[in-house]
Amino acid sequence: KQEVTQIPAALSVPEGENLVLNCSFTDSAIYNLQWFRQDPGKGLTSLLLIQSSQREQTSGRLNASLDKSSGRSTLYIAASQPGDSATYLCAVRSIIQGAQKLVFGQGTRLTINP
Amino acid sequence: GAGVSQSPRYKVAKRGQDVALRCDPISGHVSLFWYQQALGQGPEFLTYFQNEAQLDKSGLPSDRFFAERPEGSVSTLKIQRTQQEDSAVYLCASSFRAGGDYEQYFGPGTRLTVT
């Protein structure tokens, strides 16, 4: 059964720092991995989608990498801003468990201090 | 509409009551998903529709949970005889086509509190 783990569970950093969020998954047979952002009381906003054949994706100050063989992904946020404060979730589509469902980690709650 | 919408946004139910949660997916999206998110946890898959067909309901926690999408657009998640452990945010998502490559777009969720 695919399991997704995110470390750390919470992170607080001063504004302007670069930071890395980690995601690991137990079964490397995936279609893709997706990073989401969730603001309090809101739904999920997709940030980056990395297909299994890709190594990384970039969008603005965000860069996500994927090492499928080791079951790891990182989300790099450059020059963090208070508006980046949110919970960040990673999710995979597992080949064995069915391509449709997303299997989520528990999230990293990020606080950027002005 | 422009995105996935869900109603109601908040629902308080007394234990034992039945509730119905509605999801309006993005127009034309074939696939529709329901997830349950407990406080402080990541969302967990409940069920999946392709058009009107419910192809996967492996995540439904008990037979008190029932989902339908009769015309292949709007979906309703029904919970009968609600229990306190049903308290959670219920998220709906849709995607343009079936298949693992297509991105899922999420609604704002319905926060259910069972007292």
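Procedures and definitions
- Residues numbered from 1 in each chain as written.
- Chains lettered and ligands numbered in written order.
- Predicted model: local features only at pLDDT ≥ 70, side-chain atom pairs only at ≥ 80, totals over all residues.
- Heavy atoms only, no water.
- Helix = DSSP H or I, 4+ residues; strand = E, 2+ residues; numbered from the N terminus.
- Rg over C-alpha atoms; globule rule 2.2 N^0.38 Å.
- Buried < 20%, exposed > 50% of the residue type's maximum accessible area, 1.4 Å probe, protein only.
- Contact = heavy atoms within 4.5 Å.
- Areas by Shrake-Rupley, 256 points an atom, 1.4 Å probe, with all protein chains shown as cover.
- Lys, Arg positive; Asp, Glu negative; His and termini not counted.
- Charge placed at Lys NZ, Arg CZ, Asp CG, Glu CD.
- Disulfide = S-S within 2.5 Å.
- Pairing = 2+ DSSP bridges.
- Core = buried A, V, L, I, M, F, W, Y, C linked by side-chain atoms within 4.5 Å.
- Buried area = accessible area lost by both parts, 1.4 Å probe.
- Salt bridge = Lys/Arg side-chain N within 4 Å of Asp/Glu carboxyl O.
- Axes fitted to C-alpha atoms, helices over the stretch in contact; angles between N-to-C directions.

Novice: Before we go on, may I ask you to explain the overall build of chain A in this structure?
Specialist: Across its full length, chain A holds zero helices and 11 strands. Sequence-ordered secondary structure for chain A, helices as α and strands as β, is β-β-β-β-β-β-β-β-β-β-β. In summary, chain A has a C-alpha radius of gyration of 14 Å against a globular reference of 13 Å for 114 residues, a match within 12%. By principal-axis analysis of the C-alpha atoms, chain A measures approximately 45 × 30 × 20 Å. Expressed as a percentage of its 114 residues, the buried residues of chain A come to 46%. For chain A, restricting intrachain contacts to residue pairs at least 6 apart in sequence, the fraction spanning at least 24 positions comes to 56%. For chain A, the accessible area works out to roughly 5200 Å², and carbon and sulfur atoms hold 48% of it. Distance between charge centres in chain A, computed from 10 positive and 8 negative side chains, equals 7 Å.

Novice: Honestly, the state of the cysteines in this entry has me stumped. Any pointers?
Specialist: The term disulfide refers to a covalent linkage connecting the sulfur atoms of a pair of cysteines. Under the criterion given, the structure shown has two disulfides over all chains. Covalently, cysteine 23 of chain A is tied to cysteine 90 of chain A through a disulfide, its sulfur atoms 1.9 Å apart. On the sign convention where negative means left-handed, the S-S torsion of about 75° between cysteine 23 of chain A and cysteine 90 of chain A marks this disulfide as right-handed. Taken together, the residues span a long stretch of sequence, with cysteine 23 of chain A in strand E3 (residues 19–25) and cysteine 90 of chain A in strand E9 (residues 86–94) at a distance of 67 residues. Judged on exposure class, the residue cysteine 23 of chain A and its partner cysteine 90 of chain A are both buried. Here cysteine 23 of chain B pairs with cysteine 92 of chain B through a disulfide, and the sulfurs are 1.8 Å apart. Handedness of the cysteine 23 of chain B-cysteine 92 of chain B disulfide follows from its S-S torsion of about -65°: it is left-handed. Taken together, the residues span a long stretch of sequence, with cysteine 23 of chain B in strand E3 (residues 19–24) and cysteine 92 of chain B in strand E9 (residues 88–95) at a distance of 69 residues.

Novice: Explanation requested: the pairing of strand E4 (residues 30–38) of chain A in the structure shown.
Specialist: On a regular strand, each side chain points to the face opposite its neighbour's, so the side chains alternate between the two faces of the sheet. All names here are of chain A. Judged by how many residues are buried, E4 sits mostly within the fold: eight of nine residues are covered. Two elements, E4 and strand E5 (residues 44–51), share seven bridges in a ladder whose sense is antiparallel. In the sheet register, leucine 33 faces E5, and the bridge partner there is isoleucine 50. The hairpin turn running from E4 into E5, its antiparallel successor, is five residues long, and glycine 41 in that turn takes a positive phi close to 75°.

Novice: Looking at this model, I keep getting lost on the nonpolar core. Mind explaining?
Specialist: Nonpolar side chains in soluble globular proteins generally cluster together in the buried interior. One finds Leu33, Trp35 and Leu75 of chain A to be the most contacted residues of the largest nonpolar core, which totals 23 residues. Listed by contribution, the elements that provide at least two residues to this core are E3, E4, E5, strand E7 (62–67), strand E8 (72–77), E9 and strand E11 (108–113) of chain A.

Novice: Explain the interface of chain A and chain B here, please?
Specialist: For interface size, the figure often reported is the accessible area lost on association. Taken together, the contact pairs 21 residues of chain A with 24 residues of chain B. Approximately 1700 Å² of surface area, both sides summed, lies buried where chain A meets chain B, with 47% of it carried by carbon and sulfur atoms. Connecting chain A to chain B are one salt bridge. For lysine 101 of chain A, the salt bridge goes to aspartate 56 of chain B, with nearest N and O atoms at 3.6 Å.

Novice: I'm lost on the environment of serine 65 of chain A in this one. Help?
Specialist: All names here are of chain A. Within the fold, serine 65 resides in strand E7. In this structure, the C-alpha to C-alpha distance between serine 65 and valine 20, residues 45 residues apart in sequence, is 11 Å. Leave out the neighbours within four places in its chain, and serine 65 touches Ile50, Arg55, Glu56, Arg72, Ser73 and Thr74.

Novice: Mind showing me how you'd approach the sheet that holds E3 of chain B here?
Specialist: Residues and elements named next belong to chain B. Here we have four strands laid out as an open sheet, ordered E1-E3-E8-E7, and antiparallel in their pairing. Two strands in the sheet have a free side with no partner beyond their single neighbour: strand E1 (5–7) and strand E7 (65–68). Taking the axes of each pair of neighbouring strands and ignoring which way they run, one obtains an average angle of 15° across the sheet. Both E7 and strand E8 (residues 75–79) contribute to a ladder of four bridges, which runs antiparallel. Looking across to E8, one finds that phenylalanine 66 is bridged to lysine 78.

Novice: What is the right way to look at unusual backbone geometry in this model?
Specialist: Peptide bonds are, in most cases, trans, and in most cases residues other than glycine have a negative phi. The linkage connecting isoleucine 7 of chain A with the following residue, proline 8 of chain A, adopts the cis geometry, with an omega of 0°. Omega for the bond connecting serine 7 of chain B with proline 8 of chain B falls within 30 degrees of zero, at -10°, which places this linkage in the cis form. Here proline 8 of chain B is to be found in the loop between E1 and strand E2 (10–13). Despite not being glycine, asparagine 51 of chain B has its phi angle at roughly 55°, a positive value. Within the secondary structure, asparagine 51 of chain B sits in the loop between strand E5 (44–50) and strand E6 (53–56). Non-glycine residue arginine 81 of chain B carries a positive phi angle of around 50°. Here arginine 81 of chain B shows up in the loop between E8 and E9. Of the residues examined, arginine 81 of chain B reaches a relative accessible area of 43% and is grouped as partly exposed.

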